[in-house]
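Examining the three-dimensional arrangement
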Amino acid sequence: MIPDLFHYLENPIFANEILLTNSTQNSTINNVAREFKTVVKLPEPNTVIVTIQLSNNSTSDRFARQNQEDGNEFSYTNADRWRERFPDCGGLSQSPIDLRPLDCTRLNSGVTNLIFTNAYAPPQSIELINDGHTVRYVFHWAAGQVPRIAGGPLGTDEYIPHEVHFHWTNGHFGGTEHAIYGFRFTMEMHVVCYNARYDNLAQAMNFPDGVLVLAQMFQKKFLFGERYHFLQLLPHVRRRGSRISINYLEHLFTLDQFLNVNRFNRNFVTYMGSLTTPPCRERIRWIINLIPIKISRKAMLLFQRIEGNEGFIENNVRPLQPTNGRDCFVNF
């Protein structure tokens, strides 16, 4: 039996009409492991989430074809040539950039802070996806519990979080996409949001006020214990193209658990830029917290063992782009 694919379960559950229990015979376990991709056992006793994804030897091929069909096939090894296939990647308002807060204008007094609503409400479910370029936590919100972000540079517009994903390298520094006075920290988290006046992220991409990205930087430190519990599920999407769905309440992480909304409001910079991956669409509002938060070496190893399109993902960071005289604003 391959431990990464299958774990014994403490409670019996049904998965596509197959009953899995501790008494399951080894032969049956091996058969199930070959048929299904991911069975996740959470660390708390007597609590289990299971997500099944059909898998066989052609999984990687199917995933590669899907990327190609979606126009998302690209490599970080030739990021300077993205513009040849994705023209927007050669635009004048591209991201990421080198941030120089002292050169930015202060936001008007009274509108400096973001307003977070339902930031502590859990989603109905979360999908955790390895898309070959990064790992993505995609939110599915229940009616009446949808978080909204407004205020500050957003004015009265409200934005809904769609997903969280990450960028990193295999080193101690250099893993953030944005830099501060030329310096890059260990990792950068992006919370991708869409304007509530639109139906979804795909529709919002077509409008200049459609998309907001909140960015938080991390710096690797010597830490005892890990405060970011949402990272514990990363090993279960280590393989390219794998995904799990999470619908158990204790593991439906809130927006605040990802972002720490009170801390995020203290020091941020905002500017207009683009997506940092193809197709590099512009007219994206960026709000970036300038103070990195600590993350342990152990946690970073979880990211650095994620398998991507070209082996382990050791660098999914786009080079810095010219600012081209763009304005930036700070809230301090």
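Residues numbered from 1 in each chain as written. Predicted model: local features only at pLDDT ≥ 70, side-chain atom pairs only at ≥ 80, totals over all residues. Heavy atoms only, no water.

Throughout the structure, instances matching the rule amount to 18 aromatic pairs. Plain terms: the ring middles of F166 and F230 are 6.3 Å apart, the flat faces sit at 25 degrees to each other, and that makes the pair stacked. In this pair, F166 sits in strand β9 (residues 159-168) while F230 sits in the loop between β12 (211-221) and β13 (243-246), placing the two residues 64 residues apart along the sequence. For the pair F166 and F230, a shared accessibility class is recorded, and that class is buried. Measuring from centroid to centroid gives 4.4 Å for Y198 and F207, while their planes differ by 10 degrees, and the two rings are stacked. (Phe/Tyr/Trp six-rings, centres within 6.5 Å; stacked < 30°, edge-to-face > 60°. Helix = DSSP H or I, 4+ residues; strand = E, 2+ residues; numbered from the N terminus. Buried < 20%, exposed > 50% of the residue type's maximum accessible area, 1.4 Å probe, protein only.)

What follows covers the confidence of the model for the chain. The predicted model of the chain averages 81 in pLDDT, with 75% of residues at 70 or higher. This stretch, residues 1-71, has a pLDDT under 50; its non-local contacts, to residues over four places away or in other chains, come to 121 contacts. (pLDDT = per-residue confidence, 0-100. Contact = heavy atoms within 4.5 Å.)

Looking now at the pattern of salt bridges. Scanning the model with the defined rule gives seven salt bridges in all. Here R136 makes a salt bridge to E163, at a shortest N to O gap of 2.8 Å. Residue R136 is located in strand β7 (residues 135-140), and its partner E163 is located in strand β9; the two are separated by 27 residues in the primary sequence. Residue E163 is classed as buried on the basis of its relative accessible area of 7%. Of the charged contacts in the structure, one is a salt bridge between R197 and D209, with a shortest N-O distance of 3.4 Å. Highlighted residues: R197 in the loop between β11 (187-195) and α4 (201-204) and D209 in the loop between α4 and β12, separated in sequence by 12 residues. Assessed through its relative accessible area of 51%, R197 is described here as exposed. Bridged by salt links that share partners, the residues D157, R197 and D209 form one connected network. (Salt bridge = Lys/Arg side-chain N within 4 Å of Asp/Glu carboxyl O.)

This paragraph deals with the state of the cysteines. What the rule picks out here adds up to two disulfides. For C89, the disulfide goes to C280, at an S-S distance of 2.1 Å. Across the S-S bond of C89 and C280 the torsion is about 80 degrees, and the bridge reads as right-handed. Of this pair, C89 sits in the loop between α3 (82-85) and β3 (98-99) while C280 sits in the loop between β14 (268-274) and β15 (282-289), placing them 191 residues apart in sequence. C280 matches C89 in its accessibility class, with the two residues each being buried. In this model, C104 is linked to C328 through a disulfide, with the two sulfur atoms separated by 2.0 Å. As the torsion about the S-S bond is roughly -95 degrees, the C104-C328 disulfide counts as left-handed. Here C104 is found in the loop between β3 and β4 (105-106), whereas its partner C328 is found in strand β19 (residues 328-330), with 224 residues between them in sequence. (Disulfide = S-S within 2.5 Å.)

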